[in-house]
Every structure is written in C-alpha cells, then in structure tokens.
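# Structural characterization, general
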Amino acid sequence: MSRCKNNAVKKLKVHFPEQAVDILVEKFPLHINSEQAVLARNLQMEAAKVWNATCNIHRTIYGRYGYWLNEGAIKALLKGKYGLHSQSVQAVVETYFECCEHTRELHLQGYREWKYPYRRKRFFTVTWKEAAITHKGRILKLSNGWGREPLMVKLPKRLTNAAILQAQLVWHHNQYWLHVTVEKPALLKVQGDVCAAIDPGEVHALTITDGDDALVISGRLLRSLNRLRNKVLRQLQRAISKTKEGSRKRRKLLAKKYRFLNWVERRIEHILHAISANAVRWCLGRSVRTVYIGNPEGVRKKDCGKKHNQRMGQWAFGKLRDLLAYKLKRHGIELIPVDERGTSGTCPVCGEYTRQTGRVYRCGNASCGFTGIHRDVVGASGILDKALHGSFSRGRRLPGKVEYLRPQVLAPQKAA
C-alpha cells in the first residue's frame, strides 16, 4: 500500500504548527497558451510510459520468477529514466500499487470480477508532490526535473496564499484541469448531541429533520439541467453522426459538445455544493452531532420504464452524499447511512404502510385517514425514528415547522 497519504499527514505541522488543519482538494480549469498545452500533453504521455513500464515489470517478474516486486524495488528500477520529476514518477508507481491493494480487498470481499491493473495507457494523470511545487502569489511553478521546462500555472484568487501539498494535471472533456491538495485551518466542532435524519430524493434533493423542525431542499433545478443536457447532447450527437471522421465540421461540433458539457456540469456541481452547504448550515444552527441518511439503492434498481430509469441513472445521489460527508466531517458531525425501506409510506399515526403517489402524504387506512404533510418530511421523520428506535413508532410527533428552499445558480446562464 502506498505511503503517500501518511507522508502528507506528517507535513501538516509545517504550515500550521499551532492548530489542527484539514486537507481538501480544490479543482479549477487551466487557461494556458499553446506551448504550455503541448508541454502538458507530453507530460501526460511520459506519465503513461511510467504506468506501462510498472505494469510490465510487475507482471513479467512474477511470470518468470514467481515473485511480486514491492513498490520500492520498482521505484529504484525506474529512477532517472523518464522526463518527469523523480517524485512524479514515484507517484505513478504509488497509484499502481494502490490500485492493486484496492483490487485485492475487493477480491477478499467476493468481488472477483475486478481485475488487477493491466491496460496500456497513452495518457496518464501527472502528480507533483510538495518538493516539486514552487508557489509565489498566484503563480504556481511545477518542476519536471533538473534542466527540463517547468509547467507554469496561474492560480485562482482564493488559492493565493494557500499551502499546497500536491497538484495533479487532469484532462476533462476538452480542457486541462488542475487538482490541488491544500491545507486549511480546521473548523470548530459541534458540541451538541442532537440527531437528525435526511431523506434523499430526485424531485426534492434533501429533506432533513431533527424531529422539531424540517427543511425541504428542492432538486428541480438539477432535473432541469439534466434534461437540458440530454436534449442538447441528442441534437449534437445526431449532427456529429452525419459528418466524416477527421473533417473540420466534425471537429467544430466536438469542440461545441465539450464546451457545453463543461458548462452544464459546472452548474450541476455548483447546485450540489449549494444543496449540501445549506444542509450543513441547518445542522450547525441546531447543534446536530449525528445525521442519518437514507440509502435509496433499492429504489434506483427498480425498472419503472425508460424515462424513469434515465432519471434514476442521472440522479447524483452518491456525489451529494460524499459532499455532505466531507462538509459535515469538518464540523465533527457524523453521517451514517441507514436503510430507508418503508419510511416514506409508513403512517406516523397508525403505522400502516400505504404506497404514495403525490407529494402530500395520505394514509390508506380508512380508520386513520392521516394527511396534510409533505411525504418527504414523513420519510425523513421515519428514518430518524427507525435509526433511533430500530422500528417505526405509532403516534410519533412530526416536525411542527417545515421550511422550503430552492437553490439557484448565480453564475451567467449562457454557455461559452
């Protein structure tokens, strides 16, 4: 297993010796000239050569001698043979062994269909560690070894004085991006002991309650952006399919397609960050220490028709859950996934289950007839009840105050 994460942890006290810090990843697109773009392309091709050599050496030695070389031995064999910084070469080898270790763990869990790394690559992500990074103001100099041209990058204003531990050059659609690992002072931890629950959804992204209050965050803007992406991609793919490979018109259409994808995906990411940030602020305002979130995997696997299956496939629940987890963790709040089966349909009064069709909950039990509250609020209350007591309680108290929030994209809406 690679030790690069342990090395990063050891260096935390260098920049903030008297306080705890958090390690975060900042991502931003690169706006570089043609010469730097050629250099970036060559660096990724050189990193791919390191990856291919690591795969070949690791497998060849085992095939001939029945012995798996360790990470240090392969690093020694590849040292000084490629046009990259020595630690960039080491980072590629570390990534290879991390993939091997992760695959081995999956095999032990029963997922035998996963394969160890074997594919040859033409391009590969380039990683610069702290020793290869020179940071002055907004200019970031990424060294590629003695006597070689460095990659010069201009940082966003928010990273002007940031402590940068690592940088990665990534190609996304038709543009280079830089992922930088930075240190930030740790945030204050929550001191309360309140528990809350989140009911995730495709129409309403999150519904969160602590038993007294509830917040419903709309996900309709996410749905509209997904529909826009589907519609525009359909038009562009039809036009691209009618052109000849290598033609000027095809290149222009492909460039237009990737510009649009960059535009729409950045807005989708912006909305996901806004939704998760609002949920975290709500938790902080109520001193929530533990959050239970429903796991909708059962709902996503149901076959309910072409259009519904497409919406479920584009529902970014996993990404939203990851954003919530890391933002809550910075405040010392634990996010615990729980089974949400039956939470939105079980009546909080009589305990009978009724399949719901509208947004307002209606109990199907004639002797009960409970109604009048948002069904996602009932779902979030059910998740909290189930997590705390192990089952649904009859006659449980529902939130007295329900707020509704619709996040917006504040950036310009016109694609470049």
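Note that the structure is predicted; figures quoted are calculated from it, not measured.

### Remarks on the overall build of the protein
Check the secondary structure of the protein and you find eleven helices and 15 strands. Dimensions of the protein, computed from the C-alpha atoms along their principal axes, are close to 80 × 60 × 50 Å. Across the 416 residues of the protein, 44% fall into the buried class. Restricting the contact set of the protein to residue pairs at least 6 apart, pairs at least 24 apart contribute 68%. Accessible area of the protein: about 23900 Å², with a carbon and sulfur share of 51%.

### What about the confidence of the model for the protein?
In this model, the protein carries an average pLDDT of 88, and 93% of its residues clear a pLDDT of 70 or more. This stretch, residues 1–14, has a pLDDT under 50; its non-local contacts, to residues over four places away or in other chains, come to 15 contacts.

### Here we look at the packing of helix α7 (residues 248–285) against helix α10 (residues 317–330)
Their axes nearest at 9 Å, the elements α7 and α10 cross at an angle of 45°. What the angle tells us is that α7 and α10 run oblique. Here α7 runs over α10; the crossing is right-handed. Contact residues: Glu269, Leu272, His273, Ile275, Ser276, Ala277, Ala279, Val280 and Cys283 in α7; Lys319, Leu320, Leu323, Leu324, Tyr326, Lys327 and Leu328 in α10. For the contact of α7 with α10, the class distribution of residues is eleven nonpolar, two polar and three charged.

### What about the packing of aromatic side chains?
Counting across every chain of the model gives eight aromatic pairs. Relative to Phe124, the ring of Trp51 lies with its centre 4.8 Å away and its plane at 20°, an arrangement referred to as stacked. With Trp51 in helix α3 (residues 34–65) and Phe124 in the loop between α5 (86–108) and β2 (126–129), the pair connects residues that are 73 residues apart, well separated along the chain. The pair Trp51 / Phe124 is uniform in exposure class, with both members buried. Seen from their ring centres, Trp315 and Phe317 are 5.7 Å apart, and the 50° between their planes marks the pair as tilted. In textbook terms, an aromatic cluster arises when at least three aromatic residues are bridged by ring pairs, as seen for Trp51, Tyr96, Phe97 and Phe124.

### With respect to the pairing of strand β10 (residues 213–218)
Judged by how many residues are buried, β10 sits mostly within the fold: five of six residues are covered. Sheet topology places strand β9 (residues 204–209) next to β10; five bridges connect them, and they run antiparallel. When the sheet's bridge partners are listed, His204 is paired in β10 with Ser218. Once β9 ends, the chain turns through three residues before running back antiparallel as β10, passing Gly211 with a positive phi of about 100°. The sheet contact formed by β10 and strand β15 (residues 401–405) spans five bridges and is parallel. Bridging across to β15, Val216 finds its partner in Tyr404.

### Brief notes about the nonpolar core
With 42 residues, the main nonpolar core has Trp128, Leu140, Leu142, Leu178 and Val180 as its most contacted residues. Of all the elements, α3 adds the most residues to this core, at nine residues. Those residues within four positions of Trp128 in sequence are excluded, and the remaining contacts are Leu43, Ser88, Ile133, Leu142, Ser143, Asn144, Leu151, Leu165, Gln166, Ala167 and Leu169. Listed in part, the 36 residues of the second largest apolar core include Leu215, Leu222, Val280 and Val291.

What counts, and at which threshold
Residues numbered from 1 in each chain as written. Predicted model: local features only at pLDDT ≥ 70, side-chain atom pairs only at ≥ 80, totals over all residues. Heavy atoms only, no water. Helix = DSSP H or I, 4+ residues; strand = E, 2+ residues; numbered from the N terminus. Buried < 20%, exposed > 50% of the residue type's maximum accessible area, 1.4 Å probe, protein only. Contact = heavy atoms within 4.5 Å. Areas by Shrake-Rupley, 256 points an atom, 1.4 Å probe, with all protein chains shown as cover. pLDDT = per-residue confidence, 0-100. Axes fitted to C-alpha atoms, helices over the stretch in contact; angles between N-to-C directions. Parallel < 35°, antiparallel > 145°, perpendicular 65-115°, else oblique. Left-handed = near helix turned anticlockwise from the far one by under 90°. Nonpolar A, V, L, I, M, F, W, Y, C, P; charged D, E, K, R; others polar. Phe/Tyr/Trp six-rings, centres within 6.5 Å; stacked < 30°, edge-to-face > 60°. Pairing = 2+ DSSP bridges. Core = buried A, V, L, I, M, F, W, Y, C linked by side-chain atoms within 4.5 Å.

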